[in-house]
Amino acid sequence: MYTCAICGYKGLEMESYGKDYPSGEVCSCCGFQFGEDDDKGISHDGWRESWIKKDCPFWYSPDCPENWDVEKQLKEIGVVYKKSVVIKNSCPVCEFDGLFEPAYDEEYGYPSDDICPCCGFQFGLHDYPEKIKGIKKWRENWILGGCQWHFKPDKPAEWSPRPQLTNLVNQQYENHQ
Ligand SMILES: [Zn+2]
Ligand SMILES: [Zn+2]
């Protein structure tokens, strides 16, 4: 196993630049493809920076080691990183994680009365009278409708519903186990 020069992950099958040419391997941790992405002019530092900015998502999650310690991993290649402690409020309907406050109060479950800018669900309105059912139905409709961003002015520039959908599918999977 070889170490990724970008993220420090020790799970590479090949030496990234062992011979005269790059390995073409994709790091399953940071997602960089040696010989492809650098060919496009992306530097290691640049890739690492934007990867860290996204809070170091493990690129190919099935390969993610249990108790993966990204801070330690980066430290070993001399990069100081502190996992951000910014609390993200995600929407229980569509998994958008940029709500201003939690959709439901953690202690009492009070709804925030906010509208999710992504799926348009209003906590405290569309969950009435049955919360779980309301959420499920809204989510179904949102997906059936092609996962459209609800409130256009708030739409992030590079938004894609894909990661949210992945989260939703994973959750469903977990709930069924
Ligand atoms: Zn990597
Ligand atoms: Zn939502």
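Coordinates for the structure precede this section.
Computed from a predicted structure; not experimentally measured.

A.B. asks: Outline the coordination of the zinc ion (ligand 2), supporting the account with residue identities and numerical values.
C.D. replies: Taken together, the protein ligands of the zinc ion (ligand 2) are Cys91 (SG), Cys94 (SG), Cys116 (SG) and Cys119 (SG), with distances of 2.3 Å. Coordination geometry of the zinc ion (ligand 2): the four donor atoms subtend angles of 106 to 112° at the metal centre, consistent with an arrangement described as tetrahedral. The sequence motif formed by the donor residues of the zinc ion (ligand 2) is C-x2-C-x21-C-x2-C. With Cys91 in the loop between helix 2 (70-76) and helix 3 (131-144) and Cys116 in the loop between helix 2 and helix 3, this pair connects stretches of sequence that are 25 residues apart. Exposure class is identical for Cys91 and Cys116. Each is buried.

A.B. asks: Describe the nonpolar core, listing the residues and the values that go with them.
C.D. replies: Ranked by size, the top nonpolar core spans 18 residues in total, and within it Cys4, Cys7, Cys27, Cys30 and Trp51 carry the most contacts. Going through the elements one at a time, helix 1 (44-53) and helix 2 are the ones with two or more residues in this core. Those residues within four positions of Cys30 in sequence are excluded, and the remaining contacts are Cys4, Ile6, Cys7, Trp47, Trp51 and Trp59. Grouped together as the second largest cluster of nonpolar side chains are 17 residues, Cys91, Cys116, Cys119 and Trp142 included.

A.B. asks: Explain the coordination of the zinc ion (ligand 1) to me, using residue names and the numbers behind them.
C.D. replies: Protein ligation of the zinc ion (ligand 1) involves Cys4 (SG), Cys7 (SG), Cys27 (SG) and Cys30 (SG), the donor distances falling in the range 2.3 to 2.4 Å. Coordination at the zinc ion (ligand 1) comes from four donor atoms whose angles at the metal span 105 to 114°, giving a geometry best classed as tetrahedral. Motif for the zinc ion (ligand 1), donor spacing along one chain: C-x2-C-x19-C-x2-C. Side by side, Cys4 and Cys7 carry an identical accessibility label, which is buried.

A.B. asks: Give me the packing of aromatic side chains: which residues, what numbers.
C.D. replies: In this description, an aromatic ring pair is defined by two values, namely the gap between the centres and the angle between the planes. Enumeration according to the criterion identifies twelve aromatic pairs in this entry. Judged by centre distance (5.7 Å) and plane angle (90°), the rings of Tyr17 and Phe34 are edge-to-face. Pair noted here: Tyr17 is in the segment before helix 1 and Phe34 is in the segment before helix 1, with a separation of 17 residues, a long-range link. According to the relative accessible area criterion, Tyr17 is partly exposed, its value standing at 38%. A residue is classified by how much of its surface remains accessible, and Phe34, at 0% relative accessible area, is buried. Taken together, the ring pairs in this structure connect Tyr17, Phe32, Phe34 and Trp47 into an aromatic cluster. Seen from the ring of Tyr104, Lys131 lies directly overhead, with NZ or CZ sitting 3.8 Å from the centre.

A.B. asks: Requested: an account of the layout of surface pockets, with residues and values cited.
C.D. replies: When its volume is computed, the largest pocket comes out at roughly 1200 Å³. What lines the largest pocket is a set of 28 residues, and nearest its centre among them are Lys54, Pro57, Pro163, Gln164 and Asn167. Among the secondary structure elements, those contributing two or more residues to the lining of the largest pocket are helix 1 and helix 4 (162-176). Class assignment of the residues belonging to the lining of the largest pocket gives a composition of twelve nonpolar, eight polar and eight charged. Looking at which domains feed residues into the lining of the largest pocket, each of domain 1 (1-84) and domain 2 (87-177) gives three or more. In this structure, the second largest pocket occupies an estimated 210 Å³ of space. Along the walls of the second largest pocket sit Phe96, Gly98, Leu99, Phe100, Asp114, Ile115, Cys116, Pro117, Trp149, His150, Phe151 and Asp154, which together make up its complete lining. Residue composition of the lining of the second largest pocket, by class: eight nonpolar, two polar and two charged.

A.B. asks: Please give an account of the side chain of Glu25 that cites residues and values.
C.D. replies: With respect to the helices and strands, Glu25 occurs in the segment before helix 1. What makes Glu25 buried here is its relative accessible area of 10%. Residue contacts for Glu25: discarding those within four places in its chain leaves Gly11, Leu12, Glu13, Met14, Phe32, Gln33 and Phe34.

About the cut-offs
Residues numbered from 1 in each chain as written. Chains lettered and ligands numbered in written order. Predicted model: local features only at pLDDT ≥ 70, side-chain atom pairs only at ≥ 80, totals over all residues. Heavy atoms only, no water. Donors = N, O, S within 2.8 Å, 3.2 Å for Na, K, Ca; no water. Tetrahedral: all angles 85-135°; square planar, octahedral: opposite > 155°, others 65-115°. Helix = DSSP H or I, 4+ residues; strand = E, 2+ residues; numbered from the N terminus. Buried < 20%, exposed > 50% of the residue type's maximum accessible area, 1.4 Å probe, protein only. Core = buried A, V, L, I, M, F, W, Y, C linked by side-chain atoms within 4.5 Å. Contact = heavy atoms within 4.5 Å. Phe/Tyr/Trp six-rings, centres within 6.5 Å; stacked < 30°, edge-to-face > 60°. Lys NZ or Arg CZ within 6 Å of the ring centre and 35° of its normal. 1 Å grid on protein atoms, 1.4 Å probe; cavity = no way out; pocket = protein on both sides within 12 Å on 5 of 7 lines; lining within 4 Å. Points joined across faces, edges and corners; volume = space filled by probe spheres on them. Nonpolar A, V, L, I, M, F, W, Y, C, P; charged D, E, K, R; others polar. Domains from an automatic or database assignment.

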